[in-house]
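Coordinates in review
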Amino acid sequence: MKILLNNREEKFDNEYLRVSELLDLKKLTFRMRIIKINGILIPKDSYSETIIRNGDNVQVLYLMSGG
Amino acid sequence: MKFPDIKKHLRNFRVGIAGAGGLGSNCAVALARTGVGTILICDNDIIESGNLNRQYYFSIQIGLPKVEAIRDNIAIIDKEVNIITNNIELTPYNIPEIFAGCDVIVEALDLKEMKEMFIETVQKEMPRIPLITGSGLAGWGDTGSLRCRKIDETLYVCGDESTEVSDELPPLAPRVGIVANLQADKVIEVLMKKRQ
């Protein structure tokens, strides 16, 4: 499948991916972040059941302390 | 557009700011100078000497609640700006009520856990209000990496999304000021497109 990840096209062999699987594949599990899929915010307790499909627009906002 | 017309337009709007530290205090001042009519600012900290390297406060204000001091400082700049202060700790339960009626909201909190809680709450409970967050401003140099990135119509992130503050990489006035002003500029851009 092909998705948009932070405005960049990414290809995966999988037919679909759970959000948690995407985070594993992209080695992003250790970073605190906000995830939106097609404009919908995905709460962190739903990462293991939320499915990313071909054509989805996935935005990851990385959170850093300091303000 | 001439500045008096910009100011006249911006006077009609209310901007909410969560946090009155390095991002919030500098962002509030930039918005006040540009003409935003009402600024609601929420923080429950007091000013400490360590804040003065980047926050819009003065040494004689050490010990004062930040929201009181920012109200005083903005009043010295422009007494016409309506400042609403809230000296309270933000929770998922009080955020929708506190920020109700804001045309744009600025996330200017310190800890990433608080940022996450605030962004999740605002996007879930107030999904149509544009939210301008700040993430990644520590240290010095590489100011070209500081930018405002549009996630979608209701969410923007200002900063580099990669540097985190620590003892060895503290927040300093120049980069904090840049990110605070990137946030203020995005607020102005969003408001200038809105009808009164």
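Residues numbered from 1 in each chain as written. Chains lettered and ligands numbered in written order. Predicted model: local features only at pLDDT ≥ 70, side-chain atom pairs only at ≥ 80, totals over all residues.

What to know about the pairing of strand β6 (residues 147–152) of chain B
Residue and element names in this part refer to chain B. The pairing of β6 with strand β7 (residues 155–159) spans five bridges and is classified as antiparallel. Across the sheet, the residue bridging to C148 is C158, located in β7. If you look at the hairpin formed by β6 and β7, you'll find two residues sitting between the two strands. (Pairing = 2+ DSSP bridges. Helix = DSSP H or I, 4+ residues; strand = E, 2+ residues; numbered from the N terminus.)

Quick notes on the sheet that holds strand β7 (residues 57–62) of chain A
Residue and element names in this part refer to chain A. On the basis of which strands lie adjacent, the open sheet formed by five strands has the order β2-β1-β7-β4-β5 and mixed pairing. For this open sheet the edge positions go to β2 (8–11) and β5 (40–42), each flanked by a neighbour on one side alone. Neighbouring strand axes in the sheet, compared pairwise and without regard to direction, differ in orientation by 30° on average. In this sheet, β2 lies alongside strand β1 (residues 2–5) in antiparallel orientation, the contact comprising four bridges. Bridge pairing in β2 links K2 to K11. (Axes fitted to C-alpha atoms, helices over the stretch in contact; angles between N-to-C directions.)

So, the confidence of the model for chain B
Counting all residues, the mean pLDDT for chain B is 97, and 100% of those residues have values of 70 or more. Taken over the whole predicted complex, pTM reads 0.96, whereas the ipTM for its chain interfaces reads 0.92. (pLDDT = per-residue confidence, 0-100.)

Some words on the nonpolar core
In this structure, V15, I17, C27, A28, L31 and I39 of chain B are the most contacted members of the largest nonpolar core, which totals 67 residues. Counting residues per element, this core draws most heavily on helix α6 (residues 173–193) of chain B, which supplies eight residues. (Core = buried A, V, L, I, M, F, W, Y, C linked by C-beta atoms within 7 Å. Buried ≥ 20, exposed ≤ 12 C-beta atoms within 10 Å, placed from the backbone.)

Here's the deal with the sheet that holds strand β4 (residues 104–107) of chain B
All names here are of chain B. Pairing is mixed across the open sheet formed by seven strands, whose spatial order is β3-β2-β1-β4-β5-β7-β6. For this open sheet the edge positions go to β3 (82–86) and β6, each flanked by a neighbour on one side alone. Neighbour-to-neighbour, the strand axes of this sheet turn through a mean angle of 20°, independent of strand direction. Where β4 and strand β5 (residues 131–134) come together, two bridges link them in parallel fashion. Within β5, the position partnered with I105 by the bridge is L131. Contacts from helix α2 (residues 22–34) reach β1 (14–18), β2 (38–42), β4 and β5 within the one sheet, and its direction differs from that of β2 by about 175°. Packing of helix α3 (residues 66–77) onto the sheet brings it into contact with β2 and β3, and relative to β3 it is tilted by some 170°. (Contact = placed C-beta atoms within 7 Å.)

A word on the packing of α2 of chain B against α6 of chain B
All names here are of chain B. Look at α2 against α6: their axes get within 8 Å of each other, and the N-to-C directions meet at 45°. The orientation of α2 relative to α6 falls into the category oblique. For the pair α2 and α6, the sense of crossing is right-handed. Contact residues: α2 offers G22, L23, N26, C27, A30, L31 and T34, while α6 offers V176, G177, V179, A180, N181, Q183, A184, V187 and I188. The residue makeup of the contact of α2 with α6, split by class, is ten nonpolar, six polar and no charged. (Parallel < 35°, antiparallel > 145°, perpendicular 65-115°, else oblique. Left-handed = near helix turned anticlockwise from the far one by under 90°. Nonpolar A, V, L, I, M, F, W, Y, C, P; charged D, E, K, R; others polar.)

Thoughts on unusual backbone geometry
A negative phi angle is the norm for most residues apart from glycine, just as the trans form is the norm for most peptide bonds. Residue and element names in this part refer to chain A. We note that N6 has phi near 50°; this positive angle belongs to a residue other than glycine. Among the secondary structure elements, N6 is positioned in the loop between β1 and β2. Look at N7: it is not a glycine, yet its phi comes out positive at around 70°. On the secondary structure map, N7 appears in the loop between β1 and β2. Its 11 C-beta neighbours within 10 Å are what place N7 among the exposed residues.

Re the interface of chain B and chain A
Contacts between the two partners involve 30 residues from chain B and, on the opposite side, 14 residues from chain A. Counting only elements with at least two residues in the side of chain B that touches chain A, the list comes to α2, α5 (112–125), β6 and β7 of chain B. With seven residues, the single largest contributor to the side of chain B that touches chain A is α5 of chain B. Its residues assigned to classes, the side of chain B that touches chain A shows eleven nonpolar, ten polar and nine charged.

Description of the environment of I132 of chain B
Residue and element names in this part refer to chain B. Mapped onto the elements of the fold, I132 is located in strand β5. Counting along the chain gives 13 residues from I132 to I119, while the straight-line C-alpha distance between them is 9.3 Å. For I132, the residues in contact, after removing those within four places along its chain, are V104, V106, E107, Y156, C158, Q183, K186 and V187.

Looking at the pairing of β7 of chain A
Residue and element names in this part refer to chain A. As judged from the two bridges shared by β1 and β7, these two strands associate in the parallel manner. Among the inter-strand pairings, L4 is bridged to a residue of β7, identified as N57. With five bridges joining them, strand β4 (residues 33–37) and β7 adopt antiparallel strand pairing. Note that in β7 the partner of R33 across the bridge is Y62.

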